[in-house]
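Listed here are the chains, written in short residue letters.
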Amino acid sequence: ASPLSTTTTTFTAPCDGYILIHADRSAAGNRIFIDLTKDGITITREGVGYTADSFDMFMLVEKGTNIRAYTNTTSATWSITRQYFYKMKGATL
């Protein structure tokens, strides 16, 4: 997937677990943002660099957390090449 500044697609964690996201950037100067929203509170993680770059995020998420990836540009400069959800041991779907 190549998120843009207009991307509104989200993934909702089906149970407690971990998310892993890896993205690569083909052009300098654009940022990628990952929003984690739960109960109306949003935490944003940001990836930025000044050359072609990559971004990795591995984070604990609670069941019902909405995850959204987007950029600060309408050009497809970032490409999410890996996105995984790992269920926490003992968590039920």
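Everything below is about the structure printed above this text.
Cut-offs used in this document
- Residues numbered from 1 in each chain as written.
- Predicted model: local features only at pLDDT ≥ 70, side-chain atom pairs only at ≥ 80, totals over all residues.
- Heavy atoms only, no water.
- Core = buried A, V, L, I, M, F, W, Y, C linked by side-chain atoms within 4.5 Å.
- Buried < 20%, exposed > 50% of the residue type's maximum accessible area, 1.4 Å probe, protein only.
- Helix = DSSP H or I, 4+ residues; strand = E, 2+ residues; numbered from the N terminus.
- Contact = heavy atoms within 4.5 Å.
- Polar contact = N/O pair within 3.5 Å; in protein donor to acceptor, adjacent residues only side chain to side chain.
- Pairing = 2+ DSSP bridges.
- Salt bridge = Lys/Arg side-chain N within 4 Å of Asp/Glu carboxyl O.

(A) Expanded view of the nonpolar core. By size, the foremost hydrophobic cluster in this structure holds 15 residues, and its most contacted members are I19, I21, I34, L36 and M57. Of all the secondary structure elements, the ones that give two or more residues to this core are β2 (17-25), β3 (32-38), β5 (54-61), β6 (66-71) and β7 (78-87). If you tally residues by element for this core, the top one is β5, at 4 residues. Setting aside chain neighbours within four positions, we find I21 in contact with I34, F55, D56, M57, I67, I80, R82 and Q83.

(B) Looking closely at the side chain of T7. You can see T7 is positioned in the segment before β1 (11-12). Only 2.8 Å separates the side chain of T7 from the backbone nitrogen of L4, close enough to count as a polar contact. If sequence neighbours within four positions are ignored, T7 has contacts with R68, A69 and Y70.

(C) Focus on the pairing of β6. Sheet topology places β1 next to β6; 2 bridges connect them, and they run antiparallel. The partner of F11 across the bridge, within β6, is I67. As judged from the 6 bridges shared by β3 and β6, these two strands associate in the antiparallel manner. Residue pairing across strands places I34 opposite A69, the latter belonging to β6.

(D) Quick peek at the environment of N30. Position of N30 among the secondary structure elements: in the loop between β2 and β3. In this structure N30 comes out as buried when scored by relative accessible area, which is 16%. Along the backbone, N30 and T51 are 21 residues apart, and their C-alpha atoms lie at a distance of 9.2 Å. Once residues within four sequence positions are removed from consideration, N30 is found in contact with R25, G47, N72, T73, T77 and W78.

(E) Structural context of the pattern of salt bridges. Taken as a whole and assessed by the stated rule, the structure comprises 2 salt bridges. As a salt-bridge pair, E46 and R31 come within 2.1 Å of each other at their nearest N and O atoms. With E46 in strand β4 (residues 41-47) and R31 in the loop between β2 and β3, this pair connects stretches of sequence that are 15 residues apart. Judged by relative accessible area, which is 38%, E46 ranks as partly exposed. D35 serves as the salt-bridge partner of R68, at 3.5 Å between the closest nitrogen and oxygen. Here D35 lies in strand β3 and R68 lies in strand β6, a separation of 33 residues in the sequence.

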